[in-house]
Amino acid sequence: MKFLDWYVKIALVSASIGASMELFMIKTGFYDKVTVLESEKRAWESSPEAQAIREALNPWRHRDSETGKDA
């Protein structure tokens, strides 16, 4: 392979950049914040208010009810 050293350099640089990004996210508490935000989002999505909003914004709600009558 003619350019093997070039590919190895690119792989090492890419791996070091990825590792530094992961280290930065761990040190700043990024994953903890994301976990909290995701749990709050899931809790809200399962609330009755969110389900009512989802139903109201569903453009196919009339067709869904019609197909339910036919079945």
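Residues numbered from 1 in each chain as written. Predicted model: local features only at pLDDT ≥ 70, side-chain atom pairs only at ≥ 80, totals over all residues. Heavy atoms only, no water.

Caption draft 1: Expanded view of helix H1 (residues 4-27). For H1, with 24 residues, the first-to-last C-alpha span of 34 Å sits near the 34 Å given by 1.5 Å per residue. Looking at the residues trailing H1, positive phi occurs at glycine 29, about 80°. (Helix = DSSP H or I, 4+ residues; strand = E, 2+ residues; numbered from the N terminus. Expected span 1.5 Å × (residues − 1).)

Caption draft 2: Looking closely at the confidence of the model for the protein chain. Averaged over all residues, the pLDDT of the protein chain is 88; the fraction at 70 or higher stands at 87%. Between the elements of the protein chain, mean pLDDT differs from a low of 64, seen in helix H4 (residues 61-70), to a high of 96, seen in H1. (pLDDT = per-residue confidence, 0-100.)

Caption draft 3: Examining the pattern of salt bridges more closely. In total, this model carries one salt bridge according to the counting rule given. Put simply, arginine 42 and glutamate 38 hold a salt bridge, and the shortest N to O gap is 3.4 Å. Remark: glutamate 38 and arginine 42 occur in helix H2 (residues 30-45); sequence separation between them is four residues, near one turn of the helix. Judged by its relative accessible area of 57%, arginine 42 falls in the exposed class. (Salt bridge = Lys/Arg side-chain N within 4 Å of Asp/Glu carboxyl O. Buried < 20%, exposed > 50% of the residue type's maximum accessible area, 1.4 Å probe, protein only.)

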